[in-house]
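Residues per chain, in single letters:
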Amino acid sequence: MFNPRLQAEKLPLTRRTNLVTDSQPELEIEGSTYRTDPWTNVPQSILSLIPRRLHLQPSHPVSLTRELIESRFPSPTYIHHNDLSAVVTVAQNFDSLGFPADHPGRNRSDTYYINQDTVLRTHTSAHEADIFRQNASEGYTISADVYRRDAVDRSHYPVFHQMEGARMWDRGKVPGGDIAKAVRDDLARMPKHDLEVEDPNPTVDPERNPLQAKHHSLEEVEAVAAHLKRSLEGVVVELFSKAKQAAAAANGPDPSIQEEPLKVRWVEAYFPFTSPSWELEVFWQGDWLEILGCGVTKQDLYINADIPNHIGWAFGVGLERVAMLLFSIPDIRLFWSRDKRFLSQFTTVDNINRYKSFSKHPACYKDVAFWLRSSSSSAGGGLRSNAQDFHENDVMEIVRIIGGDLVEDVRLVDEFQHPVSGRKSLCYRINYRSLERTMTNEEANEMHESVRGELVKKLGVELR
Ligand code: DAH
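The next point concerns helix H13 (residues 392-403). Under the 1.5 Å per step criterion, the end-to-end length of H13 is 16 Å for 12 residues, consistent within 8% with the ideal 16 Å. Across the 12 residues that make up H13, a large majority, 9, are buried. Among the residues of H13, those classed as buried are Asn393, Asp394, Val395, Met396, Glu397, Ile398, Val399, Arg400 and Gly403. On its buried face, H13 is in contact with helix H2 (44-47), strand S14 (364-371), strand S15 (407-417), strand S16 (424-432) and helix H14 (441-459). Positive phi shows up at Gly404, right after H13, with a value of about 50°.

Note the cis peptide between Ser75 and Pro76, where omega equals 10°. Here the bond from Ser275 into Pro276 is cis, since omega is -5°, no more than 30 degrees from zero. Examined against the element boundaries, Pro276 turns out to sit in strand S11 (residues 274-284). The backbone of Arg53 sits at a positive phi, close to 45°, despite the residue not being glycine. Along the chain, Arg53 falls in the loop between H2 and helix H3 (61-70). Even without being glycine, Asp306 reaches a positive phi, approximately 65°. Checked against the element boundaries, Asp306 lands in the loop between helix H9 (299-304) and strand S13 (310-318).

Here we come to the pattern of salt bridges. Under the defined criterion, the tally for this structure stands at 33 salt bridges. Residue Arg333 pairs with Glu408 through a salt bridge whose shortest N-O separation is 3.3 Å. With Arg333 in the loop between helix H10 (319-327) and helix H11 (340-343) and Glu408 in strand S15, this residue pair connects regions lying 75 residues apart in the sequence. Take Arg333 and Glu408: they sit in the same class, and that class is buried. Arg423 serves as the salt-bridge partner of Glu462, at 3.0 Å between the closest nitrogen and oxygen. Taken together, the residues span a long stretch of sequence, with Glu462 in strand S17 (residues 462-463) and Arg423 in the loop between S15 and S16 at a distance of 39 residues. We classify Arg423 as partly exposed; its relative accessible area is 22%.

With that out of the way, let us pick up the site of the ligand. With respect to spatial proximity, 15 residues lie near the ligand, and among them Ser125, Arg148, Gln162, Glu164 and Ala314 are the closest. One of the side-chain N or O atoms of His123 is found 3.1 Å from a nitrogen atom in the ligand. Taken by itself the ligand offers 360 Å² of open surface, and the protein chains cover 89% of this. Its atoms largely coinciding with the cavity grid, the ligand occupies the largest pocket. Those elements that provide at least two residues to the shell around the ligand are strand S8 (159-170), strand S12 (287-297) and S13.

Right, let's talk about empty space enclosed by the protein for a bit. Summed over the entire model, instances satisfying the criterion amount to 2 cavities of 30 Å³ or more. Considered as a void within the structure, the largest cavity measures approximately 50 Å³ in volume. Every residue along the wall of the largest cavity is listed here: Ile79, His81, Ile131, Gln134, Asn135, Ala136, Ser137, Gly139, Tyr140 and Met168. Of all elements in the fold, only strand S3 (78-81), helix H5 (128-134) and strand S7 (139-147) reach the threshold of two or more residues within the lining of the largest cavity. Taken together, the residues of the lining of the largest cavity sort by class into 5 nonpolar, 5 polar and no charged.

Cut-offs and rules
Residues numbered from 1 in each chain as written. Predicted model: local features only at pLDDT ≥ 70, side-chain atom pairs only at ≥ 80, totals over all residues. Heavy atoms only, no water. Helix = DSSP H or I, 4+ residues; strand = E, 2+ residues; numbered from the N terminus. Expected span 1.5 Å × (residues − 1). Buried < 20%, exposed > 50% of the residue type's maximum accessible area, 1.4 Å probe, protein only. Contact = heavy atoms within 4.5 Å. Salt bridge = Lys/Arg side-chain N within 4 Å of Asp/Glu carboxyl O. Near = heavy atom within 4 Å. Polar contact = N/O pair within 3.5 Å; in protein donor to acceptor, adjacent residues only side chain to side chain. Areas by Shrake-Rupley, 256 points an atom, 1.4 Å probe, with all protein chains shown as cover. 1 Å grid on protein atoms, 1.4 Å probe; cavity = no way out; pocket = protein on both sides within 12 Å on 5 of 7 lines; lining within 4 Å. Sits in = over half its atoms within 2 Å of the grid points. Points joined across faces, edges and corners; volume = space filled by probe spheres on them. Nonpolar A, V, L, I, M, F, W, Y, C, P; charged D, E, K, R; others polar.

Following this line, the structure appears as structure tokens:
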């Protein structure tokens, strides 16, 4: 069958848009040198964030969140890996986890490529296969910075942090080879909680969330899933009871806030590297919020890592997402601030306090409207930014390179197709606002002019 995505992958490489401002033959990243090629799309502004290591910066809210979650996964059962390189191979990030060749996550519009074979990891799962192969413990966590080309708004930043966790049991080592019993015994030793949990679905569903029937019995997977769910519910209890105490301390005795019970729910999900899979959502201030993905590890991962007799679970949680809830931090850009008025507000895991805004500066929004090239004109040679080739993330990247942390969000506000020519027009609204100072209108204008120029130069659009 015709697959437009596969087709697009076959475009000659030289005709791809290269968004790197100054293309160089080589990139130096943390002391290593990488050749660039037509796949390279990582700008210097992103590379410059690699050394920041917010997840290890003492008293930083991302680091405090990591510490809190790690405390639920103690040694010696769990080893904590916190310093793995952000540069990984395409094989580590995608192939080793069973991502199909046409998975959208592999696109240059979504992922930062150093070159055709090398990316900035898009998730901590990129290290799963290697750590399985080391086979050094029954469990581990990995905390690290991850990189994704994405929207610009208050909850998305091209660099964020994840914590991965995994636990496994070796069929050859548990008494009598009885995995289900061994897992249930471990579960019985775990603390219980009084969290309200909605979990309406059966552990497996033949269509939506299948058992790996070739490798696992239902009894084994029931036990592993129960252990996984209880472990992660324990994390939520740890985190959100701290946040609740903070809210209560800040607001005084407000019975409506204090008495609303903490609630979570398990939702069926899909990941290429687990089956069955779930997401965990927390009910927080009136909404269900997804905070993590998890599941029973696909047996192929263990087989490929030479530990075919293992069975177990893994999860991945977004640390900023959790930290924003925990500390009431309203804008993800704040995590990157070096302003003492931000950093000095956080101390230790025993003192989880609500963030207090130190200032609110006026926003200044500006629109940019442009025509994409029509598909027919692309046949004449200009391949870039015709309707099929246009990726919104390329607009986001241009704005980010020019405006950096001075842009609060970028939103598509209008879209239409010309009735006669068939050409498509888009209008984006860029909201300029500093978190730390008042920007002048001239400053915003100057940035906006650069954005307009780069959209023409890099994407070949026609301004209106
Ligand atoms: N890597 C996934 C993500 O970034 C999260 C995840 C899901 C991690 C399932 C896992 C897992 O280890 O088993 O969305």
